[in-house]
Amino acid sequence: MTDTAPAENIATLSELLKISGSQYRLYDIGRLVTKLPKEQFEKVELNQLPYPTPTQGHACIAIAFWQKQASQPYLWLLKLPLDERGLLNQGARNHFISIIVDALGADLTQETSKKQEELLKSNPYLFTPAQYKLASLNSKIKVDLKQPPSEYFSPFKHYLSQENHADNWQGVGVQGITDLIARIKQDNHSELLVKALPHLPEEVLSPVCSALENEQYPVALIDALVSSLTNALASASIKPEATVRAAPLLRALAANSQHIHVKAVVAKILTQQQVSSELLITLSSRCWQALADEKTLMAYFEHLLTNDDLAMFASIFKDLVAIPLMRPVVFLCIRSENRSPALAQAIGQLFRQT
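The written sequence of each chain sets the order in which its residues are numbered from 1. Where totals are concerned, whole chains, interfaces and linings use all residues; where local detail is concerned, this predicted model gives features only for residues with pLDDT of at least 70, and gives and counts side-chain atom pairs only at 80 or more. The side-chain numbers reported here are obtained from all heavy atoms of the structure, hydrogens and water having been left aside.

Student: Mind showing me how you'd approach the overall build of the chain here?
Tutor: Put simply, DSSP H or I for four residues or longer makes a helix, DSSP E for two residues or longer makes a strand, and each gets a number counted from the N terminus. Looking only at helices and strands, the chain has 17 helices and four strands in total. Throughout, radius of gyration means the C-alpha value; the globule benchmark is 2.2 Å times the number of residues raised to the power 0.38. Taken over C-alpha atoms, the radius of gyration comes to 22 Å for the chain, in line with the 20 Å a tight globule of 354 residues would show. C-alpha atoms of the chain, sized along the principal axes, occupy 65 × 60 × 30 Å. Burial analysis of the chain (354 residues in total) assigns 51% to the buried set. The contacts of the chain with a sequence gap of at least 6 include a subset with a gap of at least 24, amounting to 70%. When the accessible surface of the chain is split by element, carbon and sulfur atoms take 52% of a total near 17,000 Å². Each charge sign in the chain was given a centre, from 33 positive and 35 negative side chains, and these centres are 3 Å apart. Summary of the burial criterion: residues with accessible area below 20% of their type's maximum are buried, those above 50% are exposed, and those between are partly exposed, where the area comes from a 1.4 Å probe applied to protein chains only. Between two residues, a contact is recorded if the distance between any of their heavy atoms is within 4.5 Å. All accessible areas in this document rest on Shrake-Rupley with a 1.4 Å probe, and a residue is counted as covered only by the protein chains that are shown. Charge assignment in this entry is limited to Lys and Arg as positive and Asp and Glu as negative, and neither His nor the chain termini are counted. Where a charge sits is defined by one atom per residue type, namely NZ (Lys), CZ (Arg), CG (Asp) or CD (Glu).

Student: Can you walk me through the environment of Gln147 in this structure?
Tutor: For Gln147, the position within the fold is in the loop between α5 (131–144) and α6 (153–161). Setting aside its immediate chain neighbours within four residues, Gln147 contacts Ser71, Gln72, Pro73, Lys142 and Arg183.

Student: In this structure, what is going on with the confidence of the model for the chain? I would like to understand it.
Tutor: Note: predicted coordinates in regions of low pLDDT should not be interpreted at a detailed level. One confidence number per residue, pLDDT, is output by the predictor and ranges from 0 to 100. On average, residues of the chain carry a pLDDT of 90, and 92% of them reach 70 or more. Taken as a whole, residues 1–7 scores under 50 in pLDDT and shows 15 contacts with residues more than four places along the chain or in a different chain.

Student: When you look at helix α15 (residues 310–321) in this model, what are you seeing that I'm missing?
Tutor: Owing to its 3.6 residues per turn, the α-helix aligns residues three or four sequence positions apart on the same side. Helices are assigned an expected span. That span is 1.5 Å times one less than the residue count. For α15, which comprises twelve residues, the first-to-last C-alpha distance of 16 Å matches the rise-based estimate of 16 Å (1.5 Å per residue) to within 8%. Where α15 is concerned, the buried positions are Met312, Phe313, Ala314, Ile316, Phe317, Asp319, Leu320 and Val321. Packing partners of the buried residues in α15 comprise α13 (277–285), α14 (294–306), α16 (327–335) and α17 (341–353). With a side-chain oxygen positioned 3.3 Å from the backbone nitrogen of Ala311, the residue opening α15 is Asp309. In protein, a polar contact means a hydrogen-donor-capable atom and an acceptor-capable atom, both N or O and within 3.5 Å, with residues adjacent in sequence counting only if both atoms are side-chain atoms; elsewhere, any N or O pair within 3.5 Å suffices.

Student: When you look at the packing of α14 against α16 in this model, what are you seeing that I'm missing?
Tutor: In a pair of packed helices, the angle between the axes and the distance between the axes together describe the arrangement. Contact pair α14 / α16: the axes reach a minimum separation of 9 Å and the direction vectors enclose 70 degrees. It follows that α14 is roughly perpendicular to α16 by the angle criterion. In terms of crossing hand, the pair formed by α14 and α16 is right-handed. Note on element contacts: α16 touches α14 through Val329, Val330, Leu332 and Cys333, opposite Glu294, Leu297, Met298 and Phe301. Looking at side-chain class alone, the contact of α14 with α16 contains seven nonpolar, no polar and one charged residues. Between N-to-C directions, angles span 0 to 180 degrees; the directions come from axes that are lines fitted to C-alpha atoms, helices contributing only their stretch in contact. Any angle that falls under 35 degrees is termed roughly parallel, while one over 145 is termed roughly antiparallel, one within 65 to 115 roughly perpendicular, and all others oblique. What makes a crossing left-handed is the near helix being turned counterclockwise from the far one by less than a right angle; a clockwise turn instead makes it right-handed. Residues are grouped as follows: nonpolar covers Ala, Val, Leu, Ile, Met, Phe, Trp, Tyr, Cys and Pro; charged covers Asp, Glu, Lys and Arg; every other residue, Gly included, is treated as polar.

Student: What exactly am I supposed to notice about the packing of aromatic side chains here?
Tutor: One pair of aromatic rings is described through two measures. These are the centre distance and the angle between the planes. The rule is short: rings of Phe, Tyr and Trp, with Trp giving its six-membered ring, pair when the centres are within 6.5 Å, and they are stacked under 30 degrees, edge-to-face over 60, tilted in between. Inspection of the entire model under this criterion finds nine aromatic pairs. Considering the side-chain rings of Phe65 and Trp76, the 4.6 Å spacing of their centres and the 55 degrees angle between planes classify their relative orientation as tilted. In this pair, Phe65 sits in strand β3 (residues 58–66) while Trp76 sits in strand β4 (residues 74–81), placing the two residues eleven residues apart along the sequence. One exposure class covers both Phe65 and Trp76, and it is buried. Judged by centre distance (5.4 Å) and plane angle (85 degrees), the rings of Trp76 and Phe96 are edge-to-face. Of this pair, Trp76 sits in strand β4 while Phe96 sits in helix α3 (residues 90–104), and the two are 20 residues apart along the sequence. Given the relative accessible area of 9%, Trp76 is considered buried. Overall, the relative accessible area of 0% leaves Phe96 in the buried class. An aromatic cluster is built from Tyr300, Phe301, Phe313, Phe317 and Phe351, whose rings are joined through pairwise contacts. A ring is considered to have a charge above it if a Lys NZ or an Arg CZ atom is located within 6 Å of its centre and within 35 degrees of its normal. Cation over ring: Lys38 sits above Tyr24, and NZ or CZ is 4.2 Å from the ring centre.

Student: Help me understand the sheet that holds strand β2 (residues 34–35), please; the structure alone is not making it clear to me.
Tutor: Strand pairing in a sheet takes place through backbone hydrogen bonds and is either antiparallel or parallel in direction. Ordered by their spatial adjacency, four strands build an open sheet running β2-β1-β3-β4, and the pairing between neighbours is antiparallel. Only two strands of the sheet have a single partner each, and these edge strands are β2 and β4. By the convention used here, strands pair only if DSSP detects at least 2 bridges between them. With six bridges connecting them, strand β1 (residues 23–28) and β3 associate as antiparallel partners. The residue bridging Gln23 from the neighbouring strand is Trp66, located in β3. Contacting β1, β2, β3 and β4, α5 runs over the sheet at an angle of about 140 degrees to β1.

Student: Looking at this structure, I do not really get the nonpolar core. What am I missing?
Tutor: To form a nonpolar core, buried Ala, Val, Leu, Ile, Met, Phe, Trp, Tyr and Cys residues must be joined to one another through side-chain atoms within 4.5 Å. Within the largest apolar cluster, 74 residues are counted, with the highest numbers of intra-cluster contacts made by Leu200, Leu297, Tyr300, Phe301, Phe313 and Leu320. Looking at which element gives the most residues to this core, the answer is helix α10 (residues 219–238), with eight residues. Within the second largest apolar cluster, 29 residues are counted, among which are Leu88, Ile97, Leu104 and Tyr125.

Student: Just to check I follow, could you spell out the side chain of Ser210 for this structure?
Tutor: Relative to the elements of secondary structure, Ser210 occurs in helix α9 (residues 202–212). Relative accessible area serves as the criterion here: at 9%, Ser210 is assigned to the buried category.

This is how it looks when you write it as structure tokens:
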């Protein structure tokens, strides 16, 4: 490929990256920040697979790429539309490739001119995720490329090892939190967090949980989070404001939501008479894997209806049915003879609107 090669000669993003001679890593940055295997993404690009974790009808992808001699990777943050089946919109992907080739040709890592910068900045498929996602992504890339953590890593590790967490949190940086959580299986990091977890003030607990949602970690930490969540839920039955602590703890379990201990606590939540909207939204947006059986998802849908918010029900239903893992389970619930009259009516109304 030359700098003037027409974009139509390049069929996929994977091909563009390979032809450029770049090494690269792929990450999903939509629902959670997780690695996206190259082989899986190549099948997604060829429409052989639906995108595994769609977010509001889009695939949100980070591509970190570099040449062998480079010390720091370049980063593309893409938001590409999907069709109703969850397949990648080929026209949008080809348009993105065309813009990149027009601006950079074969050398994706070249120094760009002002005109090239303008062309790249006007790219409609680039987007800026939330800061906490960018922090987690940055930490993951550094771990994957075996680079040292930021300067904020050591102060946070020191903070966790102290006894007085309530008064000393002001010096904690979000990047330090995500750096340690991305290394949660290294050294004694998991043990430090397990010990500190019950004592963390909300100002630290919230970003810690936002970082934990993107990682798989040891069962001892899963159990510590489940225990803290159970305690927060018990407190919430007496003091409703305690739900504020429960939602981040549930969110922290996201990447581990297929674990039997997480599924058990989710089932327990759904046996309660009332479940807050915040917890219900967290379950569908972050912990959807814990809902991936007919009994649990049916109980979840019934709870959505108790809030008497059909707009919220419709939004979450459409979100879940778009996830390949959840789609067949959603259809089982639709057809189930055990659904309540209220659920049958809500589903009927939903389909009449489409």
